[in-house]
Amino acid sequence: MARKVRSKTAEFFKHLFICVILLFAFIPFYLMLNISLKDNEQFFNNPWLPSLPFHWENYVYGWNYIGGKIFNTAFVAMTSVAFTLVFAVVGAYFFARFKMPGSKFLFLVFTILMMYPGVANMVPMFKLISSLGLYNSHWALIIPAIAGGQAFNIYVLRNFIEEIPQDLFDAIEIDGGSILQQIWHIVVPMSMPIIGTLAILSIIGQWNNFISPLLYLRDDNLQVISVALLYLDGEYTKQWGQLMAGYTIASIPLVVMFLFCMKLFVRGLSAGAIKG
Amino acid sequence: MAVDVSVKKLRYYWPVYLLIAIPLVLVLLFSYYPIYNGFIHIFYRWNGDTVEEFIGLGNIIRVLNDTTLLNSFGVVLIFVIANVVKMILPIITAVILHHVINDRAGYVYRVLFVIPMIIPAMVGILIWKYFYEPNNGVLNGILRACNFLSGTDSIQWLSDERLVLPALIFMGFPWVGAFGVLIYLAGLQSIPEDVYEAAEVDGAGPLTIFFKIELPLIMTQIRINLVLMTIGTLQAWENIYLFVGINGGPNGIATVPGLRIFRDAFAEGLFGYGCAIGFVIFLVTLALTFVNNKFVKVDK
């Protein structure tokens with residue numbers, strides 16, 4: 001990577017450019033934290049800079065609003081992502097390592113689903129969920145998410161698994177390793193960065209999703225964070241401080257997860273994980 | 001190197017299909033069955049519940065004569081084109097990031113790019129809504145401070161027919177997300193060092209290197225981002241719904257086809273018609289993906 005230094009000025013402008021872009025990227029983050037400590041009057045007078053006194057009680061309010069929903073959200077996100085990836089890794093292995101009769105057709109069966117708009121499916125899906133008796137249960141969110149995640153995840157993982165060197169598979173086959181052993185001992189460890197990346201992308205997607213919980217969950221004690229915050233947003237006089245405190249609390253689990261998987265994630269996206 | 005299994009060898013290899021069995025069952029039941037159900041209902045007047053009446057090609061004829069629907073495809077096409085333009089800055093950012101000499105700084109920048117991804121998407125929408133607010137908003141505040149706007153005037157960014165589309169397009173400036181940048185960066189990092197050395201021996205400047213080497217060699221990554229962006233834009237409607245409401249802003253000017261389905265189905269009870277529009281979106285997506293794969297050249 002170390003190419004010859006052209007000039008100090010050129011280097012300075014590169015850093016300047018990136019820092020300006022990063023500055024813009026961090027504005028929502030900064031404003032969320034900043035506004036979360038204000039009341040409405042402070043917010044309208046001075047949204048950009050911190051102003052005293054800090055309204056820590058916003059966080060108490062926000063916590064009372066969504067605290068009980070964090071477990072629901074985490075359960076739905078974790079369960080659906082775990083199952084999605086287990087099935088997608090095995091499925092992608094099938095497409096990457098075997099040319100079976102009908103493989104091409106089957107691959108099309110999965111990938112073409114990416115082109116079908118989910119919004120057109122909402123009512124038939126709702127009918128299906130109701131008739132299976134899943135309405136008003138977390139499985140109404142989890143199972144369709146697992147099914148819906150297969151297309152994109154299999155598509156990405158197949159490209160990745162195809163490039164794992166053949167020698168590794170040969171070695172384990174000579175030792176009499178079964179297909180499942182190949183997946184567990186070669187595919188999973190070799191694709192860890194991309195599996196981690198896909199996991200984080202799906203968890204972020206689940207965390208932001210508000211349409212299906214709005215549609216499928218009736219009981220308030222089952223509800224997830226995104227919907228609760230939507231209700232808070234829709235209150236008659238919007239309290240910006242409380243709302244942003246709520247969103248800050250909502251992002252804490254993601255921040256924690258990210259701290260643990262940061263290396264995996266940056267490596268996964270940078271390792272050419274996603275390609276055409 | 002995949003194992004090639006001919007039809008003859010299937011006697012021994014058939015259990016391999018079991019690997020794909022669970023995903024296939026899931027997809028057939030939870031994706032294809034609803035799609036099939038929707039397709040059948042194209043031929044029905046259906047309110048999603050009790051009213052269900054066969055009307056033959058009624059919905060299809062209606063789709064073909066629906067000028068506001070045609071307009072909504074025009075709007076989404078504008079968004080697709082805008083999003084293609086918005087891909088330029090992330091590409092430039094990735095190239096510059098790639099050329100940062102200090103490896104440590106390069107890594108820190110990459111981590112910093114990823115962090116904003118974990119902020120809830122709604123926060124961005126709320127802040128941009130506040131940015132465009134006519135009375136207390138940031139944008140009009142800036143215009144007033146620069147004397148472009150008198151203290152008592154206000155520009156209705158999201159309720160003026162002429163301004164709502166530009167406002168929606170500008171939203172998210174500078175449109176540089178970690179996902180795109182890191183994927184381009186991955187492509188750039190796989191360019192062999194000797195290619196750069198050869199170019200430098202030939203006395204190629206940074207611009208020549210960018211246009212003759214880097215851009216052609218990350219075409220794979222550009223194309224995948226282009227395909228994913230096109231699919232995403234054609235299907236997107238939640239952001240516009242959250243931003244300007246179910247009616248798609250003043251006179252429905254910002255209505256995209258996805259929002260139209262949502263409105264027709266849930267506000268008007270025209271589910272059969274919504275399903276028909278869904279298939280039109282599907283066909284348009286299919287066509288544009290085909291165009292992307294056919295005409296965006298990738299040197300392998």
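Refer to the preceding data block for the structure.
Colleague: Please explain the packing of helix H5 (residues 88–99) of chain B against helix H12 (residues 206–217) of chain B as it appears in this structure.
Modeller: If you want to describe how two helices pack, look at the angle between their axes and the distance between the axes. Residues and elements named next belong to chain B. Between H5 and H12, the shortest axis-to-axis distance is 12 Å and the interhelical angle comes to 95°. Of the possible angle classes, the one that applies to H5 and H12 is roughly perpendicular. Residues Ile91, Val95, His98 and His99 of H5 lie in contact with H12, whose contacting residues are Phe210, Glu214 and Leu215. Class assignment of the residues belonging to the contact of H5 with H12 gives a composition of 4 nonpolar, 2 polar and 1 charged.

Colleague: I'm lost on empty space enclosed by the protein in this one. Help?
Modeller: Empty pockets left among the atoms are what a rolling probe the size of a water molecule brings to light. Tallied over the full model, the rule gives 3 cavities of 30 Å³ or more. Volume-wise, the largest cavity comes out at about 70 Å³. Tallying contributions element by element places helix H4 (residues 70–97) of chain A first for the lining of the largest cavity, with 3 residues. For the lining of the largest cavity, a count of residues per class yields 6 nonpolar, 4 polar and no charged. For the second largest cavity, the calculated volume is near 50 Å³. Looking at the second largest cavity, the residues that line it are Val119, Ala120, Met122, Val123 and Pro124 of chain A together with Ile261, Ala265, Phe266, Phe271, Gly274 and Cys275 of chain B. Counting only elements with at least two residues in the lining of the second largest cavity, the list comes to helix H6 (122–131) of chain A together with helix H15 (257–267) and helix H16 (271–295) of chain B. In terms of residue class, the lining of the second largest cavity is built from 10 nonpolar, 1 polar and no charged.

Colleague: Is there a simple way to explain the packing of helix H4 (residues 67–85) of chain B against helix H13 (residues 219–235) of chain B in this structure?
Modeller: Residues and elements named next belong to chain B. Packing of H4 against H13 brings their axes to within 10 Å, and their N-to-C directions diverge by 150°. If you check the angle between H4 and H13, you find them roughly antiparallel. Every pair of crossing elements has a handedness; the one defined by H4 and H13 is right-handed. Here Val76, Phe79, Val80, Asn83 and Val84 of H4 lie close against H13, whose contacting residues are Leu226, Met229, Thr230, Thr233 and Leu234.

Colleague: How should the interface of chain A and chain B be read in this particular structure?
Modeller: For an interface, size is often stated in terms of accessible area lost upon the parts coming together. Taken together, the 95 residues of chain A in the interface contact 96 residues of chain B. Summed over both sides, the interface between chain A and chain B buries roughly 9300 Å², with carbon and sulfur atoms accounting for 78% of that surface. Across the contact surface, chain A and chain B share 0 salt bridges. Connecting chain A to chain B are 10 residue pairs in polar contact (both at pLDDT 80 or more). Among the elements that take part in the side of chain A that touches chain B, helix H1 (residues 8–35) of chain A stands out by supplying 15 residues, more than any other. Class assignment for the residues of the side of chain A that touches chain B results in 72 nonpolar, 11 polar and 12 charged. As paired strands, strand E1 (residues 98–99) of chain A and strand E1 (residues 3–4) of chain B are joined by 2 bridges and run parallel to one another. Bridge pairing links phenylalanine 98 of chain A to valine 3 of chain B in E1 of chain B.

Colleague: Would you mind showing me how to read H1 of chain A here?
Modeller: Since one α-helical turn is 3.6 residues long, residues separated by three or four positions face the same way. Residue and element names in this part refer to chain A. In a regular helix each residue adds 1.5 Å, so 28 residues correspond to 40 Å; H1 covers 39 Å between its end C-alpha atoms and thus fits that length. The sharpest bend along H1 reaches about 40° and sits at phenylalanine 26, with the proline proline 28 one to four residues further on. Within H1, burial applies to Glu11, Lys14, Ile18, Ile21, Leu22, Ala25, Pro28, Leu31, Met32, Asn34 and Ile35.

Rules of the game
- Residues numbered from 1 in each chain as written.
- Chains lettered and ligands numbered in written order.
- Predicted model: local features only at pLDDT ≥ 70, side-chain atom pairs only at ≥ 80, totals over all residues.
- Heavy atoms only, no water.
- Axes fitted to C-alpha atoms, helices over the stretch in contact; angles between N-to-C directions.
- Helix = DSSP H or I, 4+ residues; strand = E, 2+ residues; numbered from the N terminus.
- Parallel < 35°, antiparallel > 145°, perpendicular 65-115°, else oblique.
- Contact = heavy atoms within 4.5 Å.
- Nonpolar A, V, L, I, M, F, W, Y, C, P; charged D, E, K, R; others polar.
- 1 Å grid on protein atoms, 1.4 Å probe; cavity = no way out; pocket = protein on both sides within 12 Å on 5 of 7 lines; lining within 4 Å.
- Points joined across faces, edges and corners; volume = space filled by probe spheres on them.
- Left-handed = near helix turned anticlockwise from the far one by under 90°.
- Buried area = accessible area lost by both parts, 1.4 Å probe.
- Salt bridge = Lys/Arg side-chain N within 4 Å of Asp/Glu carboxyl O.
- Polar contact = N/O pair within 3.5 Å; in protein donor to acceptor, adjacent residues only side chain to side chain.
- Pairing = 2+ DSSP bridges.
- Expected span 1.5 Å × (residues − 1).
- Bend = angle between axes of the 7 residues up to and from the residue.
- Buried < 20%, exposed > 50% of the residue type's maximum accessible area, 1.4 Å probe, protein only.

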